[in-house]
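Observations on chain architecture
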Amino acid sequence: DYHCFHFPCSGTLVSSTMVPGKLYSVNPIVVQHERVNVFTENVRCISIFDSPEFGQVAFIAVGATIIGSINNYVEPGTAFN
C-alpha cells in the first residue's frame, strides 16, 4: 500500500497547520453517514502554498483509521515540483 500524498502542482510552501481531530474511517459507507462528517472531524493538515500556475492554493490532507498520522516533510519556504 502507498499512503503518501503529493501536492497537486508546483509551488512554494507558505505554511502547514495540523488540525487535531478523530480518526474515523474514510470508507464510502462512513463518509456518507449522516452523523459523521469525516472531512471536518478527522485529523487534518492544511498546507498553503504559492503556485505560479494557480496563485495561492490550499491542500488539505485528511487522516483516517489505521493510517493515523500525517507527516509533512516539506518545510515552509521550500519549493517543489
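Residues numbered from 1 in each chain as written. Predicted model: local features only at pLDDT ≥ 70, side-chain atom pairs only at ≥ 80, totals over all residues. Heavy atoms only, no water.

**Examining the sheet that holds strand E4 (residues 79-80)**
How we decide: In this description, strands pair whenever DSSP reports at least two bridges between them. Strands are runs of DSSP state E lasting at least two residues, helices are runs of H or I lasting at least four, and both sets are numbered from the N terminus onward.
If you trace the four strands from one edge of the open sheet to the other, you get E3-E2-E1-E4, paired in antiparallel fashion. Taken across any chain shown, the strands that pair with only one partner, and hence form the sheet edges, are strand E3 (55-62) and E4. By the bridge criterion, two bridges tie strand E1 (residues 11-19) to E4 in an arrangement that is antiparallel. Bridging from a neighbouring strand, Gly-11 pairs with Phe-80 of E4.

**Notes on the nonpolar core**
Side chains of a nonpolar character, in soluble globular proteins, are inclined to be buried together. The condition that has to hold: Residues grouped as a nonpolar core are buried Ala, Val, Leu, Ile, Met, Phe, Trp, Tyr and Cys residues, joined through side-chain atoms within 4.5 Å. Relative accessible area decides the class of each residue, using a 1.4 Å probe on protein chains only: under 20% of the type maximum gives buried, over 50% gives exposed, and in between gives partly exposed. A contact between two residues is defined here by any heavy atoms of the two lying within 4.5 Å.
Phe-7, Cys-9, Leu-13, Val-43, Cys-45, Phe-49, Val-57, Phe-59, Ala-61, Ile-70 and Phe-80 together form the largest nonpolar core, which totals 11 residues. Elements with a contribution of two residues or more to this core: strand E2 (44-51) and E3. Sorting elements by how many residues they give to this core places E3 first, with three residues. Each residue touching Phe-59, except ones within four places of it in the same chain, is listed here: Phe-5, His-6, Phe-7, Pro-8, Cys-45, Ile-46, Ser-47 and Phe-49.

**As for the environment of Val-43**
Assignment of secondary structure puts Val-43 in the loop between helix H2 (38-41) and E2. Overall, Val-43 belongs to the buried group, its relative accessible area being 15%. Taking the C-alpha atoms as reference points, Val-43 and Pro-8, separated by 35 residues in sequence, lie 20 Å from one another. Residue contacts for Val-43: discarding those within four places in its chain leaves Met-18, Val-19, Pro-20, Gly-21, Lys-22, Leu-23, Ala-61, Val-62, Gly-63 and Ile-70.

**A short note on the pairing of E1**
Each regular strand shows side chains that alternate between the opposite faces of the sheet. The sheet contact formed by E1 and E2 spans seven bridges and is antiparallel. Within E2, the residue paired with Leu-13 across the bridge is Phe-49.

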